[in-house]
Amino acid sequence: MAALLSPVAPGGQTRTAPPPSGRSGGVGRHWPFLLIVPALLVLLAVFVYPVAHTFVGAFTTPKPGTENFTWFFGSPANVAVLTRTFSTALWATLICLALAYPYAYLMTVASPRARAALLLIVMLPFWTSLMVRTFAWLVLLQDTGVVNGFLGLFGLGPVGLVRSQAGVLIGMVQILMPFMVLPLYSVMSGIDRRLLTAAQSLGARPVVALLRIFVPLSLPGVAAGSTMVFITSLGFYVTPALLGSPSEALISQFMYTQVSGMLMWGRGGAMAVVLFATTLLLTGLLGLAMRAGRRTRAGAR
Amino acid sequence: MPVDRTTPAVKGARIDLRGMTKRFGGSVAVDDVTLTVEPGEFMTFLGPSGSGKTTTLNMIAGFTDITAGTLEIDDRPVGDTPAHKRDIGVVFQHYALFPHMTVAENIAFPLRQRKISKDERRRLVAAALETVQLPGHAARYPGELSGGQQQRVALARAIVFSPRVLLMDEPLGALDRKLREFLQLEIKRIHREVGSTFVFVTHDQEEALILSDRIAVFNNAKIEQVGTAHELYERPATLFVARFLGESTILRGAARPEGAGSTLTGDGFAVRAPGRVDAGRDAALVVRPERLRLIPDEPGSAGRGASGGTPGGNAVPVTVLEEIYLGAARKLEVVLPGGARGLVREQAGALSGLRAGDRATLTWHPDDGVLLPDDPTIERIFT
């Protein structure tokens, strides 16, 4: 009966749309963009210009040419540093993912109060200075530190937790955890948990439902978090400098030595260019892979 | 639509609920529900939101623990069986399709869990898509389908593994009216073809009347009445059922036994009713709109036609408040002597010609009323 009573739009009644009030095209429509000009100017001055200067310097200092790059790739030690930097970043990413995935999952199923507490715990590193945290790790991890002291009670150790790859990874993972947990949580909290109930009604054990439904749907969070952690860890300086071994330096420490110690600005610039280009290449490949995955999903029509 | 004469693929299971109770903290969501759903039956749980119908369904599906009572499927207690081992198909209001799988993968999901071979899977998926009339959509993703199509896929996924019980929780609730009416007929056809026992939850009484073999009316965590649509409409057991299913005129008063039935005396009327109610309780007489007839009062005549129009019938003087045109029929809202409203339905061929403001006599045969104990709390639910 609702259909019978529903009003039929009377014909012949042409409704004239009122002209859009206020600004109509021209400069007026673009004036909000003026608001970002101050920020753009600051970025140009303190970010774009120095980066451009460094990149240009890589090709021009001390004299124009690719001398700096020949130097970098000519020495196996340099290439080893680059490889070590990427492998450290990869390990940091994998460890972060392994720790953050269950943590973020717990956040999605926890009560609102517990969730707030979990979020607070993961955010705490953000509120402490990087230096303070790294020194704190030094206190905890050194051979005479808290951890080895505790192990000593049982006649174990001391374990070389500091001045080693392990120390670097411990420090990096703790600092980078929020960058993995937050994107994961954001994606996971958007997954409809009723899908898991549905999967169970269709005969899937709870763990199968989790692996076949929840995990695939959380992959965008994995990709976002991993990219963020990986790229950030490539540029770490303070943590490897304090917790790492000088014989296993990462590329940022190498740049520092070249620039600050040997005043070889061109070589530092060349290393920056190589790191930048490699990072761009890797993230570009990841992005392409993800888009291809999406296309096979959406383009199956 | 041609009736499918093929023998049903599955023999439906019998479901026995005995004293099923669910408590959440201090509140009772389902209170001592006892009900048997016969094999192959289409049973609908009908009731307002919060009446316990969905919780009961969730207990059958295994999504919710049973606080007390037993649940048996084909005489086998399943109260402690986890959901994934119950072999029950479930269709949800929100479709619950897996967005990262194609339609075919979604439908094949329950088959993969049952380790069915790839060839067999392909055959069964195609057959299920055929049943829900969506062939050619196998490679699509759920996000590319309309709401109605998504619900068809969900239905295909729930029947593809030939479960002997299929549960549906307001499956058409998110769809617009036209599509809902169409899919109701589709679900009825699929029920006939598949042969499983269907339990369908809805708050839409019209939907319940269209689909069901029997309806269980839920209210306040309890079942008020179980019966066929005809039984519930013609012989409601409680005032709630009468109010929830269909429209009616309700006359309230004091009932006193007289002969085989009772006499109900209210504000400005005294009418005969079949049956009795407990002495000392207020009573309500329920009469359906199509059982009522309006006789226009002759202008100037003092008599109310109490015995003139229908010998032996009931007669109550009323004033017509409003007429509602429905095409094939019209409804007249009338004001009873005490101020309560009544509703009369006149078929297009038998119109009284009364208009709003006219005075008339409302008549009906005493056996067409249903006398029930009054429940003053009911009106609060419906108004």
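Rules of the game
- Residues numbered from 1 in each chain as written.
- Chains lettered and ligands numbered in written order.
- Predicted model: local features only at pLDDT ≥ 70, side-chain atom pairs only at ≥ 80, totals over all residues.
- Heavy atoms only, no water.
- Helix = DSSP H or I, 4+ residues; strand = E, 2+ residues; numbered from the N terminus.
- Contact = heavy atoms within 4.5 Å.
- Lys, Arg positive; Asp, Glu negative; His and termini not counted.
- Charge placed at Lys NZ, Arg CZ, Asp CG, Glu CD.
- Buried < 20%, exposed > 50% of the residue type's maximum accessible area, 1.4 Å probe, protein only.
- Phe/Tyr/Trp six-rings, centres within 6.5 Å; stacked < 30°, edge-to-face > 60°.
- Lys NZ or Arg CZ within 6 Å of the ring centre and 35° of its normal.
- Buried area = accessible area lost by both parts, 1.4 Å probe.
- Salt bridge = Lys/Arg side-chain N within 4 Å of Asp/Glu carboxyl O.
- Polar contact = N/O pair within 3.5 Å; in protein donor to acceptor, adjacent residues only side chain to side chain.
- Nonpolar A, V, L, I, M, F, W, Y, C, P; charged D, E, K, R; others polar.
- Core = buried A, V, L, I, M, F, W, Y, C linked by side-chain atoms within 4.5 Å.
- Pairing = 2+ DSSP bridges.
- pLDDT = per-residue confidence, 0-100.
- Axes fitted to C-alpha atoms, helices over the stretch in contact; angles between N-to-C directions.

*Asks:* Any chance you could explain the overall build of chain B here in plain terms?
*Replies:* A count of helices and strands for chain B gives nine helices and 20 strands. Along the three orthogonal principal directions, the C-alpha set of chain B runs to about 85 × 45 × 35 Å. Within chain B, contacts between residues at least 6 apart in sequence are counted, and of these 67% link residues at least 24 apart. The positive charge centre, built from 47 side chains, and the negative charge centre, built from 48, are 4 Å apart in chain B.

*Asks:* Please explain the overall build of chain A as it appears in this structure.
*Replies:* Along the backbone of chain A there are 13 helices and zero strands. Reading chain A from its N end, one meets helices and strands in the order α-α-α-α-α-α-α-α-α-α-α-α-α. A total of 301 residues make up chain A; the buried ones form 34% of that total. Of all intrachain contacts in chain A linking residues separated by at least 6 positions in sequence, the fraction that spans at least 24 positions is 71%.

*Asks:* Would you explain the side chain of Thr239(A) in this entry?
*Replies:* Residues and elements named next belong to chain A. Secondary-structure assignment places Thr239 in helix H11 (residues 238-243). Taking the relative accessible area as the measure of exposure, Thr239 reaches 1% and is therefore buried. Apart from residues lying up to four places away in sequence, Thr239 is in contact with Leu130, Thr134, Val168, Gly171, Met172, Ile175 and Gly244.

*Asks:* I'm lost on the packing of aromatic side chains in this one. Help?
*Replies:* Aromatic ring pairs are defined here through the distance separating the ring centres and the angle between the ring planes. If you walk through the whole model with that rule in mind, you get 14 aromatic pairs over all chains. Plain terms: the ring middles of Tyr237(A) and Tyr256(A) are 5.2 Å apart, the flat faces sit at 40° to each other, and that makes the pair tilted. One end of the pair, Tyr237(A), is in the loop between helix H10 (206-234) and H11; the other, Tyr256(A), is in helix H12 (residues 251-261), with 19 residues separating them in the sequence. Classification of Tyr256(A) by relative accessible area gives partly exposed; the value is 46%. An aromatic cluster is present here, built from Trp71(A), Phe72(A) and Phe73(A) joined pairwise through their rings. We note Arg114(B) situated over the ring of Phe161(B); from NZ or CZ to the ring centre the distance is 4.0 Å. Positioned over the ring face of Tyr233(B) is Arg288(B), at 4.1 Å from the centre of the ring.

*Asks:* Is there a simple way to think about the interface of chain A and chain B in this case?
*Replies:* Where the parts come together, the accessible area they lose is often given as the size of the interface. If you look at the interface, chain A gives 25 residues, while chain B gives 26 residues. Summing the contributions of chain A and of chain B, the shared interface buries around 2,400 Å²; its carbon and sulfur component is 67%. Inspection of the region where chain A meets chain B yields zero salt bridges. In this assembly, chain A and chain B are joined by two residue pairs in polar contact (both at pLDDT 80 or more). If one sorts the elements of the side of chain A that touches chain B by residue count, helix H9 (residues 194-201) of chain A sits on top with seven residues. For the side of chain A that touches chain B, the residue count by class is 14 nonpolar, five polar and six charged.

*Asks:* Looking at this structure, how should I read the pattern of salt bridges?
*Replies:* Side chains that carry opposite charge are capable of pairing whenever their charged atoms lie near each other. Residues and elements named next belong to chain B. Scanning all chains against the criterion turns up 27 salt bridges over all chains. In this structure, Arg272 and Glu258 form a salt bridge, with 3.8 Å as the shortest nitrogen-oxygen distance. Of this pair, Arg272 sits in strand S13 (residues 269-273) while Glu258 sits in strand S11 (residues 249-258), placing them 14 residues apart in sequence. Between Glu346 and Arg330 there is a salt bridge, and its shortest N-O distance comes to 3.1 Å. Of the two residues, Glu346 is situated in strand S18 (residues 341-347) and Arg330 in strand S17 (residues 329-335); the sequence distance between them amounts to 16 residues. The burial state of Glu346 is the same as that of Arg330; both residues are buried.

*Asks:* Looking at this structure, I do not really get the nonpolar core. What am I missing?
*Replies:* Within soluble globular proteins, side chains that are nonpolar generally end up buried alongside one another. Judged by nonpolar contacts, the single largest core of 105 residues is most densely connected at Leu184(A), Ile213(A), Ile15(B), Phe45(B), Ile107(B), Leu167(B) and Ile187(B). The greatest single-element share of this core, amounting to twelve residues, is contributed by helix H8 (residues 165-188) of chain A. Ile213(A) has contacts with Leu195(A), Leu196(A), Ala199(A), Val208(A), Phe98(B), His100(B), Met101(B) and Phe109(B), leaving out every residue within four places of it along the chain. Within the second largest apolar cluster, 23 residues are counted, among which are Phe269(B), Leu294(B), Val344(B) and Leu354(B).

*Asks:* Would you mind showing me how to read the side chain of Ser164(A) here?
*Replies:* All names here are of chain A. One can find Ser164 in the loop between helix H7 (146-153) and H8. Residue Ser164 is classed as buried on the basis of its relative accessible area, which comes to 15%. Each residue touching Ser164, except ones within four places of it in the same chain, is listed here: Leu243, Gly244, Ser245 and Glu248.

*Asks:* What's the story with the pairing of strand S4 (residues 68-73) of chain B in this structure? I'm lost.
*Replies:* Residues and elements named next belong to chain B. As paired elements, strand S1 (residues 15-24) and S4 share five bridges and run antiparallel to each other. In the strand pairing of S4, Arg18 is matched with Thr70. As paired strands, S4 and strand S5 (residues 76-77) are joined by two bridges and run antiparallel to one another. Across the sheet, residue Glu72 finds its bridge partner in S5, namely Pro77. The antiparallel pairing of S4 with S5 creates a hairpin that spans two residues between the two strands, and Asp74 there sits at a positive phi of about 50°.

*Asks:* Would you mind going over the confidence of the model for chain B with me for this structure?
*Replies:* Low pLDDT marks regions whose predicted coordinates should not be analysed in detail. Residue and element names in this part refer to chain B. In this model, chain B carries a mean pLDDT of 89, and residues with pLDDT of at least 70 account for 93%. Mean pLDDT values over the elements of chain B span from 73, in helix H9 (residues 377-382), up to 97, in strand S3 (residues 42-46). Low pLDDT, under 50, characterises residues 1-5; the predicted model gives this stretch four contacts beyond four residues in sequence or across chains. Long-range and interchain partners of residues 302-308, a stretch whose pLDDT sits below 50, account for eight contacts in this model, where long-range means more than four residues apart.

*Asks:* In this structure, what is going on with the sheet that holds strand S16 (residues 314-325) of chain B? I would like to understand it.
*Replies:* Either a parallel or an antiparallel arrangement is found when strands of a sheet pair, and the pairing is made through backbone hydrogen bonds. Residue and element names in this part refer to chain B. Pairing is antiparallel across the open sheet formed by five strands, whose spatial order is S15-S19-S16-S17-S18. Of all the strands in the sheet, just strand S15 (293-296) and S18 have a single pairing partner and so form its edges. On average, each strand axis in the sheet is tilted by 45° relative to the strand beside it, whichever way the strands run. Direction of pairing for S15 relative to strand S19 (residues 359-364): antiparallel, over a ladder of four bridges. In the strand pairing of S19, Ile295 is matched with Thr361.

*Asks:* How do you make sense of the sheet that holds strand S10 (residues 222-227) of chain B when you look at a structure like this?
*Replies:* All names here are of chain B. If you trace the six strands from one edge of the open sheet to the other, you get S6-S7-S8-S3-S9-S10, paired in mixed fashion. Two strands lie at the open edges of the sheet, namely strand S6 (88-91) and S10, each paired on one side alone. Pairs of neighbouring strands in the sheet enclose a mean axial angle of 15°, with direction left out of account. In the sheet, S3 pairs with strand S9 (residues 214-219) via four bridges, with the strands oriented parallel. Bridging across to S9, Leu46 finds its partner in Val217. Helix H1 (residues 53-61) rests against S3, S6, strand S7 (165-169), strand S8 (197-202) and S9 of the sheet, and its axis sits at about 145° to S7. Strands S6 and S7 of the sheet are contacted by helix H4 (residues 147-159), whose axis makes an angle of about 175° with S6.

*Asks:* Would you mind showing me how to read unusual backbone geometry here?
*Replies:* Outside of glycine, negative phi angles account for most residues, and trans bonds account for most peptide bonds. All names here are of chain A. Following Thr61, the chain continues to Pro62 via a peptide bond in cis, the omega torsion being -5°. Note that Pro62 resides in the loop between helix H2 (37-60) and helix H3 (67-74). Positive phi, close to 60°, is recorded for Arg163, a residue that is not glycine. With respect to the element layout, Arg163 can be found in the loop between H7 and H8.

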